[in-house]
Amino acid sequence: EPEVTQTPSHQVTQMGQEVILRCVPISNHLYFYWYRQILGQKVEFLVSFYNNEISEKSEIFDDQFSVERPDGSNFTLKIRSTKLEDSAMYFCASSVLGQGAVEQYFGPGTRLTVT
Amino acid sequence: RKEVEQDPGPFNVPEGATVAFNCTYSNSASQSFFWYRQDCRKEPKLLMSVYSSGNEDGRFTAQLNRASQYISLLIRDSKLSDSATYLCVVNGHSGGGADGLTFGKGTHLIIQP
């Protein structure tokens, strides 16, 4: 069964550093997403991406964040100048193109720890 | 503000029992509805989509009441492996692929042998 993959599984970084989280969406999916989950809290939407541009973003997704699809398979989330409060699980998801109940499938996540 | 509200639990239920969860959502323009399950420190996994007419998948039955903005999940003949956090999730205003999902905080279910 095809699945979303993410690397690394755990990233530790110092405050102020830049990190890049990587995702490989399911191969025939065309919409890609990033979510985050701070420990003990709910999953929160960050951004959706389609046709090489951002489709929608939340208020969390400020200028500190950027996304890119650098090649035909990878989808990345860059966090510039990380803050302590960026520590969270970051989940990538993907879905097929379509209307109606568009089901999103999640990767295993990257645990980001900012020290 | 788009919100999804759920009883956090925990629900402690003996194996074989039937258990039901509910959630309410605030955005009346929401178009798509889902239940996901999340195991500790794992990713959300899609359990089932929820359709207006109600739908069933094995031991799981989901219902949607658009007028009351209320979604339910029923689990019959519960198994130890059903222990998890159940997330009520709604999609946005257009129902299309671009919409981010809005998650509830989840209901924690513990099935006891």
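Residues numbered from 1 in each chain as written. Chains lettered and ligands numbered in written order. Predicted model: local features only at pLDDT ≥ 70, side-chain atom pairs only at ≥ 80, totals over all residues. Heavy atoms only, no water.

Caption draft 1: Examining the overall build of chain A more closely. Looking only at helices and strands, chain A features zero helices and 11 strands. From first element to last, N terminus to C terminus, chain A shows the α and β order β-β-β-β-β-β-β-β-β-β-β. Against the compact-globule benchmark of 13 Å for 115 residues, chain A has a radius of gyration of 13 Å, which places it among compact chains. C-alpha atoms of chain A, sized along the principal axes, occupy 40 × 30 × 30 Å. Out of the 115 residues belonging to chain A, those deemed buried represent 46%. Partitioning the contacts of chain A with sequence separation of at least 6, the portion at a separation of at least 24 is 54%. Accessible surface, chain A: about 5,700 Å² in total, of which carbon and sulfur atoms supply 47%. Taken as two groups, the 9 positive and 14 negative side-chain charges of chain A have centres that lie 5 Å from each other. (Helix = DSSP H or I, 4+ residues; strand = E, 2+ residues; numbered from the N terminus. Rg over C-alpha atoms; globule rule 2.2 N^0.38 Å. Buried < 20%, exposed > 50% of the residue type's maximum accessible area, 1.4 Å probe, protein only. Contact = heavy atoms within 4.5 Å. Areas by Shrake-Rupley, 256 points an atom, 1.4 Å probe, with all protein chains shown as cover. Lys, Arg positive; Asp, Glu negative; His and termini not counted. Charge placed at Lys NZ, Arg CZ, Asp CG, Glu CD.)

Caption draft 2: Seen up close, the nonpolar core. All names here are of chain B. The biggest cluster of nonpolar side chains holds 23 residues, and the ones touching the most others in it are F21, W35, I71, L73, I75, Y86 and L109. Mapped by element, the contributors of at least two residues to this core are β3 (19-25), β4 (33-38), β5 (44-50), β7 (60-65), β8 (70-75), β9 (84-90) and β11 (107-112). Among residues more than four places away in sequence, those in contact with I75 are A17, T18, V19, F21, R59, F60, D82, Y86 and L109. (Core = buried A, V, L, I, M, F, W, Y, C linked by side-chain atoms within 4.5 Å.)

Caption draft 3: Summary view of the pairing of strand β5 (residues 44-50) of chain A. Residue and element names in this part refer to chain A. Among the seven residues that make up β5, six are buried, leaving the element largely enclosed by the rest of the structure. Here six bridges tie strand β4 (residues 31-37) to β5, and the two strands are oriented antiparallel to one another. Directly across from Y31, in β5, lies its bridge partner Y50. Connecting β4 to the antiparallel partner β5 that follows it, the hairpin turn spans six residues, and G40 within it adopts a positive phi of roughly 85°. Across four bridges, the pairing between β5 and strand β6 (residues 53-57) is antiparallel. Residue pairing across strands places V47 opposite K57, the latter belonging to β6. Hairpin connection of β5 to β6: two residues between the antiparallel strands, including N51 at a positive phi of 55°. (Pairing = 2+ DSSP bridges.)

Caption draft 4: Inspection of the state of the cysteines at higher detail. Scanning the model with the defined rule gives two disulfides over all chains in all. Sulfur-sulfur distance for the disulfide between A:C23 and A:C92 comes to 1.9 Å. Between A:C23 and A:C92 the disulfide shows an S-S torsion of about -60°. By sign, it is left-handed. One end of the pair, A:C23, is in strand β3 (residues 19-24); the other, A:C92, is in strand β9 (residues 88-95), and 69 residues separate them in sequence. An identical accessibility class is assigned to A:C23 and A:C92; each is buried. Put simply, B:C23 and B:C88 are joined by a disulfide, and their sulfur atoms are 1.8 Å apart. Of this pair, B:C23 sits in strand β3 while B:C88 is found in strand β9, placing the two residues 65 residues apart along the sequence. (Disulfide = S-S within 2.5 Å.)

Caption draft 5: Inspection of the sheet that holds strand β1 (residues 4-6) of chain B at higher detail. Residues and elements named next belong to chain B. In spatial order, the strands read β1-β3-β8-β7-β6; together these five strands make up an open sheet with antiparallel pairing. Among the strands making up the open sheet, the edge pair consists of β1 and β6 (55-57). For this sheet, the mean angle separating the axes of adjacent strands, direction not counted, is 20°. Across three bridges, the pairing between β6 and β7 is antiparallel. In the strand pairing of β7, E56 is matched with T61. (Axes fitted to C-alpha atoms, helices over the stretch in contact; angles between N-to-C directions.)

Caption draft 6: Structural view of the environment of B:A84. Residues and elements named next belong to chain B. Mapped onto the fold, A84 is located in strand β9. Look at A84 and you get buried, because its relative accessible area is 4%. Taking the C-alpha atoms as reference points, A84 and Q38, separated by 46 residues in sequence, lie 5.9 Å from one another. Apart from residues lying up to four places away in sequence, A84 is in contact with R37, Q38, D39, T107, H108 and L109.

Caption draft 7: Spatial organisation of the pairing of β9(B). Residue and element names in this part refer to chain B. The buried fraction of β9 is high, at seven of seven residues. Bridging between β4 and β9 involves six bridges; their strand directions are antiparallel. Within β9, the residue paired with Y36 across the bridge is L87. Bridging between β9 and β11 involves three bridges; their strand directions are antiparallel. Note that in β11 the partner of A84 across the bridge is L109.

Nothing here speaks to function; it is all geometry.
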